[in-house]
Amino acid sequence: MRAAVLHNGRMVFRDDVPDPVPGPGQVLVGVRSCGICGSDLHFAAHGDELLALTEQMGAGPGADLGRDIIMGHEFSAEVLEAGPDTDTHPSGTLVTSMPVVLSDNAVVPIGFTDRAAGAYAERMLLSAPLLLPVPNGLDHRHAALTEPMAVGLHAVNKSAIQRDETALVLGCGPIGIAIIAALLVRGVETIVASDFSPKRRELATTMGAHQAIDPAQGSPFDTVAPKVVFEAVGVPGIIDDAMRRTPAGSRIVVAGVCMEPDTVHPFFGIAKEISVQFVFAYDPTEFAESLRAIAEGDIDVSPLITGEVGLDGVSQAFDDLADPERHCKILVTP
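Remember, predicted model here, so these are calculated numbers, not experimental data. (Residues numbered from 1 in each chain as written. Predicted model: local features only at pLDDT ≥ 70, side-chain atom pairs only at ≥ 80, totals over all residues. Heavy atoms only, no water.)

Peer 1: Help me understand helix 5 (residues 198-206), please; the structure alone is not making it clear to me.
Peer 2: Residues that lie three or four places apart on an α-helix share one face, since the helix turns once every 3.6 residues. Where helix 5 is concerned, the buried positions are R201, L203 and A204. End-on, the buried residues of helix 5 take up no more than an arc of 160°, which puts them together on one face. The N-cap of helix 5, judged by a side-chain oxygen 3.3 Å from the amide nitrogen of K199 a few residues on, is S197. Immediately downstream of helix 5, the backbone of G208 shows phi near 135°, a positive value. (Buried < 20%, exposed > 50% of the residue type's maximum accessible area, 1.4 Å probe, protein only. Helix = DSSP H or I, 4+ residues; strand = E, 2+ residues; numbered from the N terminus. Arc of directions from axis to C-beta. Polar contact = N/O pair within 3.5 Å; in protein donor to acceptor, adjacent residues only side chain to side chain.)

Quick look at the structure:
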């Protein structure tokens, strides 16, 4: 089959990848759409460092970067065939799934290891118990964005924000936008976004921000006094600046993935009794809720989709996503 693989830090098109064969409890699916995520870009550029940090947490080796890795974890797919003794949805059913497979009493992440191939391919294997049928005739492109929307929902849930509390979202890339969408669904009355990119600020207001600020014109904290700050930038210095500028009693939710050591002044947090919450991914309930919200029209994800490529265009798409004025989310459609 055809696939785009990570090889020596670059995406490479292959047309001779062996077809996956489903085992017990597994389902062979044909990929319909897969979003390119910022974490894919991080993994391609910093794979060695990510794996080293993972091992420092005691998680053990996650991948062999000497082998081709098929990434892609934001997907929708069509059921093709079930493995032996496996009950699943009928052939042709459009599904999505949390991007993990159940294997040998372990949960293996899809798309970041050579042990579980992702959706930058024509076909892939999923675990039957984790499949969610896509409801309401939802477009497969929109269903593929369930995963990033779930990340935003999880961050909002962890914040415990109330409707009358002001939210400030720092960074309006895909995760910041997903947070804004979840805040809007939650009914938060004041949502303020901040980003240097005019295109991203425009998208933020389209997705529900009541105000979008250009930080090049001054700190957003000079304009708004947030109760909850969502950090979705992921570069050193942002957390410390938020702690220094945000009002006393604020909550900071860190969703941006910073790949470098960072420094904070604990004094700011102590003096103002600031709560800092780091967040990652989502739980199964949040994933299912995000699919429902998209399918029922509570969240319109179509403005996020700014490009579409085939498997042979993934490498160029990785490069193109470096320009925030051109793209938010590029979909791969095998």
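Peer 1: In this structure, what is going on with the environment of H140? I would like to understand it.
Peer 2: Take H140: it is sitting in helix 2 (residues 140-143). Put simply, H140 and L331 are 191 residues apart on the chain and 11 Å apart in space, counted from C-alpha to C-alpha. Discounting residues that sit within four places of it in the chain, H140 has contacts with R32, S33, S76 and L94. A polar contact is formed between the side chain of H140 and the side chain of S33, at a distance of 2.7 Å. A polar atom in the side chain of H140 sits 3.3 Å from the side chain of R141. (Contact = heavy atoms within 4.5 Å.)

Peer 1: Can you help me understand the layout of surface pockets in this one?
Peer 2: When its volume is computed, the second largest pocket comes out at roughly 430 Å³. Residue lining of the second largest pocket: 21 residues in total, with D114, R115, A116, A117 and L125 positioned closest to the centre. Of all elements in the fold, only strand 6 (100-103) and strand 8 (123-127) reach the threshold of two or more residues within the lining of the second largest pocket. When residues of the lining of the second largest pocket are assigned to their parent elements, the largest contribution, three residues, is made by strand 8. (1 Å grid on protein atoms, 1.4 Å probe; cavity = no way out; pocket = protein on both sides within 12 Å on 5 of 7 lines; lining within 4 Å. Points joined across faces, edges and corners; volume = space filled by probe spheres on them.)

Peer 1: In this structure, what is going on with unusual backbone geometry? I would like to understand it.
Peer 2: For residues that are not glycine, phi is negative in most cases, and the peptide bond is trans in most cases. Positive phi is not limited to glycine here, since N136 has a value of about 60°. Relative to the elements of secondary structure, N136 occurs in the loop between strand 9 (131-133) and helix 2. Of note, A160 is a non-glycine position whose phi angle comes to about 55°, a positive value. Along the chain, A160 falls in the loop between helix 3 (146-159) and strand 10 (167-170). A relative accessible area of 44% means that A160 is categorised as partly exposed.

Peer 1: In this structure, what is going on with the pairing of strand 10? I would like to understand it.
Peer 2: On any regular strand, side chains alternate: one points to one face of the sheet, the next to the other face. Taking every second residue as pointing to the same face, both faces of strand 10 are buried, with A167 and V169 on one and L168 and L170 on the other. Of the pairings in the sheet, the one linking strand 10 to strand 11 (residues 191-194) comprises four bridges and is parallel in character. Residue V169 lies in a different strand from strand 11, and its bridge partner there is A193. Each parallel crossover has a hand, and the one from strand 10 via helix 4 (residues 174-186) to strand 11 is right-handed. Bridging between strand 10 and strand 13 (residues 228-231) involves four bridges; their strand directions are parallel. (Pairing = 2+ DSSP bridges. Right-handed = clockwise from strand over helix to strand, strands pointing away.)

Peer 1: I tried to follow the side chain of H73 on my own but got confused; where do I start?
Peer 2: Residue position: H73 is located in the loop between helix 1 (38-56) and strand 4 (74-82). For H73, a relative accessible area of 5% translates into the label buried.

Peer 1: Just checking my understanding: could you explain the domain arrangement of the chain for this structure?
Peer 2: How large an interface is tends to be reported as the accessible area lost when its parts come together. Along its sequence, the chain is organised into domain 1 (3-133 + 301-332) and domain 2 (148-278). In this structure, domain 1 and domain 2 have C-alpha centres spaced 28 Å apart. With 13 residues of domain 1 at the contact, the number on the domain 2 side is 13 residues. Buried area between domain 1 and domain 2, both sides added, is near 1200 Å², and the carbon and sulfur share of it is 73%. The largest contributions to the domain 1 side of the interface with domain 2 come from L304, E325 and C328, which together make up 37% of the buried area. Counting across the domain 1 and domain 2 interface gives zero salt bridges. At the junction of domain 1 with domain 2, the criterion picks out one residue pair in polar contact (both at pLDDT 80 or more). At five residues, the largest contribution of residues to the side of domain 1 that touches domain 2 is made by helix 1. Tallied by class, residues from the side of domain 1 that touches domain 2 come to seven nonpolar, two polar and four charged. (Domains from an automatic or database assignment. Buried area = accessible area lost by both parts, 1.4 Å probe. Salt bridge = Lys/Arg side-chain N within 4 Å of Asp/Glu carboxyl O. Nonpolar A, V, L, I, M, F, W, Y, C, P; charged D, E, K, R; others polar.)

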